[in-house]
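Structural description and commentary
Listed below, chain by chain, are the residues.
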2 protein chains.
Amino acid sequence: MKVTVLGSSSALPTSERYPSAHVLNAHERLFLIDCGEGTQMQLRRNRIRFGKINHIFISHLHGDHVFGLYGLLSTFSLMGRVAPVYLYAPESFQGMFASHLADFDIHLNYEIVFIPLSGKDPVNILDDKYITVTSFPLQHRVPAFGFLFAEKPLDRNIIKESIERYEIPTVRIPAIKKGEDFVTMDGVLIKNDDLTVPGPAPLSYAYCSDTKYFKRLSSFVKGVDLLYHEATFDMSLEDLAKTTGHSTTIDAAKVASEAGAGSLMIGHFSARYKDVMPLVEEARKIFPKTFAAIDGHSYEVGSYADS
Amino acid sequence: MKVTVLGSSSALPTSERYPSAHVLNAHERLFLIDCGEGTQMQLRRNRIRFGKINHIFISHLHGDHVFGLYGLLSTFSLMGRVAPVYLYAPESFQGMFASHLADFDIHLNYEIVFIPLSGKDPVNILDDKYITVTSFPLQHRVPAFGFLFAEKPLDRNIIKESIERYEIPTVRIPAIKKGEDFVTMDGVLIKNDDLTVPGPAPLSYAYCSDTKYFKRLSSFVKGVDLLYHEATFDMSLEDLAKTTGHSTTIDAAKVASEAGAGSLMIGHFSARYKDVMPLVEEARKIFPKTFAAIDGHSYEVGSYADS
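Residues numbered from 1 in each chain as written. Chains lettered and ligands numbered in written order. Predicted model: local features only at pLDDT ≥ 70, side-chain atom pairs only at ≥ 80, totals over all residues.

In terms of helices and strands, chain A carries 10 helices and 18 strands. Each principal axis of the C-alpha distribution contributes one length, and for chain A these read about 70 × 50 × 35 Å. Residue burial in chain A is summarised as follows: out of 307 residues, 47% are buried. For chain A, the share of sequence-separated contacts (at least 6 apart) that also reach a separation of at least 24 residues comes to 62%. (Helix = DSSP H or I, 4+ residues; strand = E, 2+ residues; numbered from the N terminus. Buried ≥ 20, exposed ≤ 12 C-beta atoms within 10 Å, placed from the backbone. Contact = placed C-beta atoms within 7 Å.)

And the structure:
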């Protein structure tokens, strides 16, 4: 699992930072999370293939998270896309979406499958071969949702010597990798534990933006390997964070700490910060494995590189 | 008068070309013409001051000409703007504009003065101290309008020697520059022609995008110094141009030629062209003073530099 940051600014983009958009690559499936203005240019700049994006997740209906969507969907169409796009967004978007397309004379030659986000509890919104995606409510000025992308348990690794020793036919190996026991030609039961070792631990990535701090949030992302959490402001602007429904560095670090996250990426920085290292330093006092999102950088989920 | 190109692509932006947007600087007033996705980033990249933009002209309601507008207007607001923005756009935009603001929870802390564009004839839509702006209908798949920005006649230049010779008081000079005659202390009438020489010729710039070729268009931009005309396709794609309501290089050159334009800038290039010089060469066969729009470049109106 690898996350590429396409935009790490808050509402006011800078020359270094575009508005919010992340691309998660999980087993060569690409998941686009938020789609701020300029996302399609950033995708192109980072040589990410448009055709591999089948799922788009919109956290909430503020412009800096959604103004790149219509341009991207139009571009998909102009590029000849026929595969449907699965669009996960707050439920109120469904009605306005169709009228926006009509307003701007947009005719898509593929289907949009709309999955509405709502409610006060986590909901499983996607379940494919490799991962599950759960949405959960955030607390912002408008309805907002976070997303947890979790790999399914991966196959166990077979112990090579056991294949020869027990004369395991090749056709049986996939099932054994999934945990089955094996009975030899002599009728002896060999327990799976003697045939395999655990595969790599499944990884997870969570996206929390925009939100103010609230206690329950950490329970939605318990044990996540990489937590992306907005930190629009430094701790001195706690009041501003509260009135605007945003988080400070400390809020983000608290959520990471309470969730027992592997590492914390902060972003959605206010344009007032030319240098965000002081924000990282603040967060590290509470949660040491913190780093700052940088446009155009990719991060391996599960490996923390002090940056 | 100077035009800066912020975007020269057609609907599908490339890594080199953003969607349509031009900024005209006329006497340090900035006029933004079209506002494709990423316009605010391009303004920033080109160090153009947001606060100097008071008038925004939208040619038509296709995304590649308008998807940057909401982001830009939001950014104006976040930057503390209080001065009104004059927004010139096809009349149908007025109704949808308010609902789009509401849909995306946008609260602007300044006024938008909406000037609807409609009709089949040129209309004077702006008249300030230095320039007049005229809108005129184009022919595209949706209602579309071009814009002609014309400097008002500039003051005549006073002949310095005449000030001494006729003992002209300083307070009379502004009126003489505007064409008044002067009566000396001895009661002798001195004709303005003996006191002044013509000032620099007033310049004009026209923006025509998107449109197919039609005969009457050249009459709307007669004698313009710099004509920007879309040339989405090369001449071999004439049929595609017709069905999509766009122009070829030849169409653009014909309009420039029929209008007696000073020079022709072509742009709104289809993403299929990595190199647009062949398009320029095609147009030059009909209208030699043709050049290609390049993102981030500025062009002085009235001076043609072969590029």
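All names here are of chain A. The buried fraction of strand S16 (residues 263–267) amounts to five of the five residues, a majority that puts the element mostly inside the structure. Residue alternation in S16 divides its side chains into two sets, Ser263, Met265 and Gly267 and Leu264 and Ile266, and both sets are buried. With helix H10 (residues 277–286) bridging S16 and the parallel strand S17 (residues 290–292), this β-α-β connection has right-handed handedness. (Right-handed = clockwise from strand over helix to strand, strands pointing away.)

Let us look at the sheet that holds strand S18 (residues 298–300) of chain B. All names here are of chain B. Strand order in the open sheet formed by seven strands is S6-S5-S4-S3-S2-S1-S18, with mixed pairing between adjacent strands. Taken across any chain shown, the strands that pair with only one partner, and hence form the sheet edges, are strand S6 (112–117) and S18. Each strand of the sheet is rotated relative to its neighbour by a mean of 20°, with strand direction disregarded. Taken together, the three bridges between strand S1 (residues 2–7) and S18 define a ladder with antiparallel strand orientation. Bridge pairing links Lys2 to Glu300 in S18. (Pairing = 2+ DSSP bridges. Axes fitted to C-alpha atoms, helices over the stretch in contact; angles between N-to-C directions.)

As a further point, take the relation of the copies chain A and chain B. Mapping chain A onto chain B calls for a screw motion: a turn of 180° about the axis and a shift of 0.0 Å along it, with 0.1 Å RMSD after fitting. Within this description, the copies of the chain are treated as partners about a two-fold rotation axis. It is Gly38 of chain A whose C-alpha, among those of chain A, lies nearest the rotation axis, at 2.6 Å. Here 100% of the contact residues of chain A are again contact residues in chain B; the copies associate through an equivalent surface. (Least-squares fit on C-alpha atoms with pLDDT ≥ 70 in both.)

Right, let's talk about the domain arrangement of chain A for a bit. Segmentation of chain A into domains returns domain 1 (2–154 + 200–300) and domain 2 (157–196). Put simply, the middle of domain 1 of chain A and the middle of domain 2 of chain A, counted by C-alpha atoms, are 42 Å apart. (Domains from an automatic or database assignment.)

Moving on: the interface of chain A and chain B. Contacts between chain A and chain B engage 26 residues on the former and 26 residues on the latter. Residue contributions to the side of chain A that touches chain B peak at five residues, all from helix H3 (residues 69–78) of chain A. The residue makeup of the side of chain A that touches chain B, split by class, is 12 nonpolar, nine polar and five charged. (Nonpolar A, V, L, I, M, F, W, Y, C, P; charged D, E, K, R; others polar.)

What follows deals with the pairing of strand S3 (residues 29–33) of chain B. Residue and element names in this part refer to chain B. Direction of pairing for strand S2 (residues 21–26) relative to S3: antiparallel, over a ladder of five bridges. Residue pairing for S3: His22 is matched across the bridge by Ile33. Pairing between S3 and strand S4 (residues 53–57): four bridges, direction parallel. Following the sheet pairing, Phe31 is matched in S4 by His55.

On to the environment of His268 of chain B. Residue and element names in this part refer to chain B. Within the secondary structure layout, His268 lies in the loop between strand S16 (263–267) and helix H9 (277–284). Between the C-alpha atoms of His268 and Arg49, which are 219 residues apart in sequence, the distance is 24 Å. With near-sequence residues (within four places) excluded, His268 lies in contact with Ser8, Ser10, Ser20, Ser209, Asp210, Glu230, Ala231 and Thr232.

Residues and elements named next belong to chain B. The mixed open sheet is built from seven strands, whose spatial order is S7-S8-S9-S14-S15-S16-S17. Each end of this open sheet is capped by a strand with a single partner; those strands are strand S7 (123–127) and strand S17 (290–292). The mean inter-strand angle of the sheet, taken between neighbouring strand axes irrespective of direction, is 20°. Bridging between S16 and S17 involves three bridges; their strand directions are parallel. Bridge pairing in S17 places Leu264 opposite Thr290.

Another aspect to go through is helix H8 (residues 249–259) of chain B. Residue and element names in this part refer to chain B. Burial runs high along H8: nine of the 11 residues are buried. Turning to H8, its buried residues number three or more, namely Thr249, Ile250, Asp251, Ala252, Ala253, Lys254, Val255, Ala256 and Ala259. Tucked inside the fold, the buried residues of H8 contact helix H6 (217–220), strand S15 (226–230), helix H7 (238–244), S16, H9 and S17. Two residues or fewer after H8 comes Gly260, characterised by a positive phi angle close to 65°.

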